[in-house]
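Breakdown of the fold
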Amino acid sequence: MTGDADSARANFERFARGEPIAVDVGEIERELGALWQAASHAGGGQTGAVSRAALWNLVIPARGREELATTKALVDAIAPAVPVRAIMLCLDDAAGSGELAATIESNVVSQPGGGRVVYSEEITLVGPTGAEAHFGAMVRALQVPGVRTATLWMDAAMPSTLLTRELLPVTRRLIVDTGTCAGPLHLQDLERLAARMRPRPVADLAWLRLASFRLLFAGLFDPPVGGGPLRSATRLAVRHRGGGEVSALLIVAWLGELLGWRPLRSVGTSDGGLRLDFDRPDGGSLEAFVIPSAGACDQSALLSIELASGSDEYVVSREAIDRARLQLPIAPARVVKLDAYSDADICVAALGPRGRDPLFARCLEYAGRLWALQPASIDPR
Amino acid sequence: MEKISVPSSALPNPLREGLVEERIPEPATMVIFGASGDLARRKLLPALYSLTRDRLLPARFAVLGFGRHAQDDDAFREEMRRGCDEFARRRPVDAPLWAAFARNLFYQQGAYDDPAAFQRLKVRLEEIERTLGLPGNRVFYLSTPPSAFAPVIRSLGQADLAPKPAPGKPFARVIIEKPFGVDLETARALNRQVHEILDERQIYRIDHYLGKETVQNLLVFRFANGIFEPLWNNHFVDHVQITGSETVGVEGRGGYFEQAGSMRDMVQNHLLQVLSLAAMEPPVAFEADEVRDEKLKVLKALRHIPESEFEHQVVRAQYAAGSIAGRAVPGYRAEPAVNPQSTTETYVALKLFIDSWRWAGVPFYLRSGKRLPKRVTEIAIHFKEAPHLLFGQKKGQAIRPNVLSIRIQPDEGIALNFGSKMPGPAMEIAPVSMEFRYGSSFGFEPPEAYERLLLDCLLGDGTLFTRGDEVEASWSWVSRIHQHWAAETAAGKTTLPAYAAGSWGPEEADRMLAADGRAWRLP
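Just so it is clear, the structure is predicted and the values come from calculations on it, not from any experiment.

Between chain A and chain B, the contact holds 49 residues from the first and 41 residues from the second. Summed over both partners, the interface of chain A with chain B comes to about 3,600 Å²; 54% of that surface belongs to carbon and sulfur atoms. Counting the surface chain A buries against chain B, the share from its top three residues, L215, R334 and K337 of chain A, is 19%. Inspection of the chain A/chain B interface yields two salt bridges. K337 of chain A is the salt-bridge partner of D94 of chain B, the closest N and O atoms lying 3.3 Å from each other. At the boundary of chain A with chain B, the tally comes to twelve residue pairs in polar contact (both at pLDDT 80 or more). Going through the elements one at a time, β6 (117-127), α8 (211-219), α9 (228-231), α10 (245-259), β16 (323-328), β17 (331-337) and α12 (358-372) of chain A are the ones with two or more residues in the side of chain A that touches chain B. At seven residues, α8 of chain A tops the list of elements feeding residues into the side of chain A that touches chain B. For the side of chain A that touches chain B, the per-class residue count stands at 31 nonpolar, seven polar and eleven charged.

Laid out in structure tokens, this is it:
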């Protein structure tokens, strides 16, 4: 074995142990190649074809070791469904040397039937506060060429300049989570961000978590019911678990946007909720209530959507974390399964076609307008 | 101007906007004729369950099984549960979800040609629809013996269960399993009978090969990527091989296969459909009729094999005893329900030409057989060699032409073989493969073909179904071969070589390609 080979082996072992190194983009690429080669020759020298697949460059900023560990676990869970090159950017003042350091890891996943594997790569860059100024250049250098880049912006407390100055220019899809917003005020910040991103899509994990509920509710108005009761709706109640106000507002916005309701005013209610008044396109009026309630719930935080049209009621209500009850006048009530999606499932959906839902942008804008009606005396936080 | 009052039920559902990606059809009832048969248990109900599991069916959806076998709803549900336990893509079956799904499964006994049974069916359907708040949308799945297709459709018409499409009215669609006729005459006759009752837009002739992800990807691959289509013609393509091989024998269906043979069972439908997708011109839109128009042109452009060329372009054979996966298997003539002197082909290899500007002079080699070593369906596009060979002229060192192989089953995906210089000082060239596999690149196995096709029918999308004129065009080409074989038999000149089970077919098939300086690819 030559000296170069020894050195390469030592580097490989160092990388394999996850030890930090001084950041050298060329070396990162070489060592990722070595990991790929090692995986291909795994199993006693038996050569097995290993796909080195990447459908996305996925950039994920995090703060501190704890958040980084959560992020890594999320990437590990995403990898089997969507191969990505994950570039994790961690700001950590306790990191030690004060310099930017990198580690690499790989995910090799056996496929059903044996033999087939997916190979995803994770590059973690860690640096102290202020290092965010260097992250943009590092991301640009480490992107797999020709592969789209998505940024998963989960922590609203990260320095916003990292996103707006460094990452947005290279981001083809921005993924956020309004479910973790500190409050509806962030909806307007997010709407401004979405405007900067256009025509590139913004995907919202909270919006995607609402998909099952929206589907079930929409299904109530399939034939033979049709859209008639929606046009003449007089009352809407959206119940959410504490902290789920943003999700509830998005549901009201979804219905308001599609049904052409004109928001008039909003009033705080004694139970800590909201009452929103609307004009309908046919000249009628409608009251909508956003009501904090108790009950078992998944991360969507949504408990029920109840719509009244004349004396008829159309309701989707959560009976348990994984069950919902459908109620409409023409058929007996029916309990159906409600999927509780993991964060990884939702992230995978955000990277797929559902992550470029143009309706979300419209509903986000509408929800921002709803919040702008809010009396200043009410602090949602 | 007089105002027209639109009943609220006729208003579209505005909440469906933005849920397009979900492709969820309107509430409906699916009636399965032949519900006590194998297809319902192994494929149809597992597909419907998996669609439900994936939230691709509406919450209001019912299945009414119809069959000659007497059983009640609960027995039907139990049988279908066992089918889902064994065959559903989404396993294990989720108990609460199954409970909700099974509540809307029903069964009705009856004969396919009994008008009274269809009146009872109508009453039952209306009762189910009333109880479950269903709008009267209906899909009738004919999972019956082919002899029942016409009687069932006639009975549907007599009972007014399948009215022609009209705006604002519930839909009635009919899915017809293969085989659609056994030759050109019977296919034409069946088309006539079906069209007496149904509009062509209501008819969904199913060929489950078209529901496979790679078959659909073939269109994307060709027409959504700029680099392949310019090569997809006789300037660059040397020849095309399409293989549909099975390891299984007749599997207890000897009676059926004796009448069908490989030509009817595989070539007339699956392989010619795959061929037409591989060879067609770009459609003006990805719409059902536009795609099917282009497929039809290919089928009509298939050159009929002249009598003088039969022995050079058609090989049929029958499997003899041999070994599959380390297990001794009997020859075809020793299979149950098979005539010991049978002349039915279990293997067929064809060399055919498409008379079009694009494909002039390019042979398409098709082969299909039972008891071959491997179950595989693939299209392999063999490109011409580079016009001037700079490398590989040393003795024993040949450069293989590029091959693009499109694997339809199993391991759906696409691979491109090309020559690459081996590392080192010498100019050694080795073939390497660049592979795309659905399972690896997208991290999940594609849905079952039946799931896709059932969903498409519920959505009213006929793109992946075969139109009546396509069926007739393919039978028109295939029936000439059958006529030739019939004449051979009548003259006592049947040539039917045997091949050992577990081999890749008879030597005659190898010789057919060798005569052109080519060889079958090992898939």
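Glancing now at the pattern of salt bridges. Side chains that carry opposite charge are capable of pairing whenever their charged atoms lie near each other. Residues and elements named next belong to chain A. Scanning the entire structure with this criterion turns up 55 salt bridges over all chains. The shortest N-O distance in the salt bridge between E365 and R369 comes to 3.4 Å. Of this pair, E365 and R369 both sit in helix α12, four residues apart, which is roughly one turn of the helix. Judged by relative accessible area, E365 falls into the partly exposed class, the value being 31%.

Residue and element names in this part refer to chain A. Look at α12: 22 Å from first C-alpha to last across 15 residues, which is about the 21 Å you get at 1.5 Å a residue. Every buried residue of α12 is listed here: L359, F360, C363, L364, Y366, A367, G368, L370 and W371. A side-chain oxygen of the first residue of α12 lies 2.9 Å from the backbone nitrogen of L359; this N-cap is D357.

Attention now goes to the sheet that holds strand β1 (residues 28-33) of chain B. Residues and elements named next belong to chain B. Read across the sheet, six strands follow the order β3-β2-β1-β4-β5-β6 without closing on themselves; strand pairing throughout is parallel. Of all strands in the sheet, those bounded by a partner on one side alone are β3 (105-109) and β6 (203-205). Going from strand to strand, the sheet's axes swing by 20° on average, the running direction of each strand aside. Two elements, β1 and strand β4 (residues 138-142), share five bridges in a ladder whose sense is parallel. Looking at β4, one finds that V31 is bridged to F140. Set on the sheet, helix α1 (residues 38-53) makes contact with β1, β2 (61-67), β3 and β4; between it and β1 the angle comes to about 170°.

What counts and how
- The numbers attached to residues start from 1 for each chain and follow its sequence in the written order.
- Labels are handed out in written order, letters beginning with A for the chains and numbers beginning with 1 for the ligands.
- Per-residue local features are limited, in this predicted model, to residues with pLDDT of at least 70; the limit for side-chain atom pairs, both in listing and counting, is 80 or more; totals at the level of whole chains, interfaces and linings are taken over all residues.
- Processing note: side-chain calculations cover all non-hydrogen atoms of the structure and skip hydrogens and water entirely.
- Here a residue-residue contact requires only that any non-hydrogen atoms of the pair lie within 4.5 Å.
- Defined here as a combined quantity, buried area equals the accessible surface (1.4 Å probe) lost by two parts on assembly, summed across both.
- A pairing counts as a salt bridge when a side-chain nitrogen of Lys or Arg comes within 4 Å of a carboxyl oxygen of Asp or Glu.
- N or O atoms within 3.5 Å of each other form a polar contact, as long as, within protein, one can give a hydrogen and the other can take it, and as long as residues adjacent in sequence are counted only when both atoms are side-chain atoms.
- Only DSSP runs of H or I with at least four residues qualify as helices, and only runs of E with at least two residues qualify as strands; both kinds are numbered from the N terminus onward.
- Under the grouping applied here, Gly and all other residues not named as nonpolar or charged are polar, the nonpolar ones being Ala, Val, Leu, Ile, Met, Phe, Trp, Tyr, Cys and Pro and the charged ones Asp, Glu, Lys and Arg.
- When accessible area is computed with a 1.4 Å probe and restricted to protein chains, residues below 20% of their type maximum are described as buried, those above 50% as exposed, and intermediate ones as partly exposed.
- To estimate how far a helix should extend, the number of its residues minus one is multiplied by 1.5 Å.
- By definition, two strands form a pair when at least two bridges between them are found by DSSP.
- All axes here are fitted lines through C-alpha atoms, helices being fitted over the stretch that makes contact, and every angle between N-to-C directions spans 0 to 180 degrees.

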